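Structural overview
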Amino acid sequence: MGLVYIEQLEEMSVEKMQQTHENEVKILNAIDNLAISYDRGEATLDELEQKIDEYVEHVHKHFAYEEGLMQEYNFPSYDMHKTAHDMFLEELQHAIKQWKRYEKVEKITNFIRRAPEWIVLHVNTVDVPTANYLAKKMGSVAT
Ligand SMILES: [Fe+2]
Ligand SMILES: [Fe+2]
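Residues numbered from 1 in each chain as written. Chains lettered and ligands numbered in written order. Predicted model: local features only at pLDDT ≥ 70, side-chain atom pairs only at ≥ 80, totals over all residues. Heavy atoms only, no water.

1. Quick look at the overall build of the chain
When you go through the chain residue by residue, the secondary structure sums to 4 helices and 0 strands. Each helix (α) and strand (β) of the chain, taken in turn from the N terminus, gives the series α-α-α-α. With the principal axes as the frame, the chain shows a C-alpha extent of 55 × 30 × 20 Å. The buried share of the chain, taken over its 143 residues, is 43%. Restricting to contacts in the chain with at least 6 residues of sequence separation, those with at least 24 account for 72%. Accessible surface, the chain as shown: approximately 8300 Å² in total, 50% of it carbon and sulfur. (Helix = DSSP H or I, 4+ residues; strand = E, 2+ residues; numbered from the N terminus. Buried < 20%, exposed > 50% of the residue type's maximum accessible area, 1.4 Å probe, protein only. Contact = heavy atoms within 4.5 Å. Areas by Shrake-Rupley, 256 points an atom, 1.4 Å probe, with all protein chains shown as cover.)

Next comes the structure, spelled out in structure tokens:
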């Protein structure tokens, strides 16, 4: 069972944005499952931490990709969208620091398990209008 379902996220009119979101949902669910297994002694800390590293890298790439597209196509609300990303990254960074400082993986898994709430809201309210704008611009450039 998943923590977040792809159906909770609106479909993007830019295919690569959609794929990125689908991958992120997979990683989030994998971490949730691994955290449960880890608590039961059925997964190692190493396995869990590797998935967390993968998630952190994925989030950075996800945001950087969208920001690059917005800049390329002069998206008018770039600053608003970028600020939303930056605020999330700050919170993520804070959770990572706590995790490393106290050597408690729960500090980061608890944060990640709450991330779907943010991701669903962000995708459905911020990424949707962005993707619609980009898709139009990309279409008009191609023709
Ligand atoms: Fe996104
Ligand atoms: Fe975004």
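So, next bit.
2. Thoughts on helix 3 (residues 78-102)
With 25 residues, helix 3 extends 36 Å from end C-alpha to end C-alpha; this agrees with the ideal 36 Å at 1.5 Å per step. For helix 3, the set of buried residues is Y78, H81, A84, H85, F88, L89, L92, A95, I96, Q98 and W99. E103, located one to two residues past helix 3, shows a positive phi value of around 50 degrees. (Expected span 1.5 Å × (residues − 1).)

3. Regarding the coordination of the iron ion (ligand 2)
For the iron ion (ligand 2), the protein coordination sphere consists of E66 (OE), H81 (NE2), H85 (NE2), H122 (NE2) and D127 (OD), at 2.1 to 2.3 Å. In primary-sequence terms, the residues that donate to the iron ion (ligand 2) follow E-x14-H-x3-H-x36-H-x4-D. Separating the iron ion (ligand 2) from the iron ion (ligand 1) is a gap of 3.6 Å, bridged by E66, which donates to each. Of the two residues, E66 sits in helix 2 (residues 45-72) while H85 sits in helix 3, which places them 19 residues apart along the sequence. Neither residue differs from the other here; E66 and H85 are each classed as buried. (Donors = N, O, S within 2.8 Å, 3.2 Å for Na, K, Ca; no water.)

4. Structural notes on the coordination of the iron ion (ligand 1)
Around the iron ion (ligand 1), the donor atoms from the protein are H21 (NE2), H62 (NE2), E66 (OE) and D127 (OD), and they sit 1.9 to 2.2 Å away. For the iron ion (ligand 1), the 4 donor atoms in the first shell make angles of 88 to 153 degrees at the metal, so the coordination geometry reads as irregular. Linear spacing of the donor residues for the iron ion (ligand 1) on their chain is H-x40-H-x3-E-x60-D. When its relative accessible area of 1% is taken as the criterion, E66 is described as buried. (Tetrahedral: all angles 85-135°; square planar, octahedral: opposite > 155°, others 65-115°.)

5. A few points about unusual backbone geometry
Here the phi dihedral of N74 falls at roughly 50 degrees; this positive angle occurs in a residue that is not glycine. Considering the arrangement of structural elements, one finds N74 in the loop between helix 2 and helix 3. Judged by its relative accessible area of 60%, N74 falls in the exposed class. Positioned with a positive phi, E103 is a non-glycine residue whose angle comes to about 50 degrees. The residue E103 is located in the loop between helix 3 and helix 4 (106-142) in this model.

6. Observations regarding the packing of aromatic side chains
Centre distance and the angle of the planes are the two values used to describe a pair of aromatic rings. What the rule picks out here adds up to 5 aromatic pairs. Relative to F88, the ring of F63 has its centre 6.0 Å away and its plane inclined at 75 degrees; by these criteria the two rings are edge-to-face. One end of the pair, F63, is in helix 2; the other, F88, is in helix 3, with 25 residues separating them in the sequence. Since its relative accessible area comes to 4%, F88 is described here as buried. Of the aromatic side chains, those joined through ring pairs into one cluster are F63, F88, F111 and W118. Here the basic side chain of K16 rests over the ring of Y65, its NZ or CZ set 4.2 Å away from the ring centre. (Phe/Tyr/Trp six-rings, centres within 6.5 Å; stacked < 30°, edge-to-face > 60°. Lys NZ or Arg CZ within 6 Å of the ring centre and 35° of its normal.)

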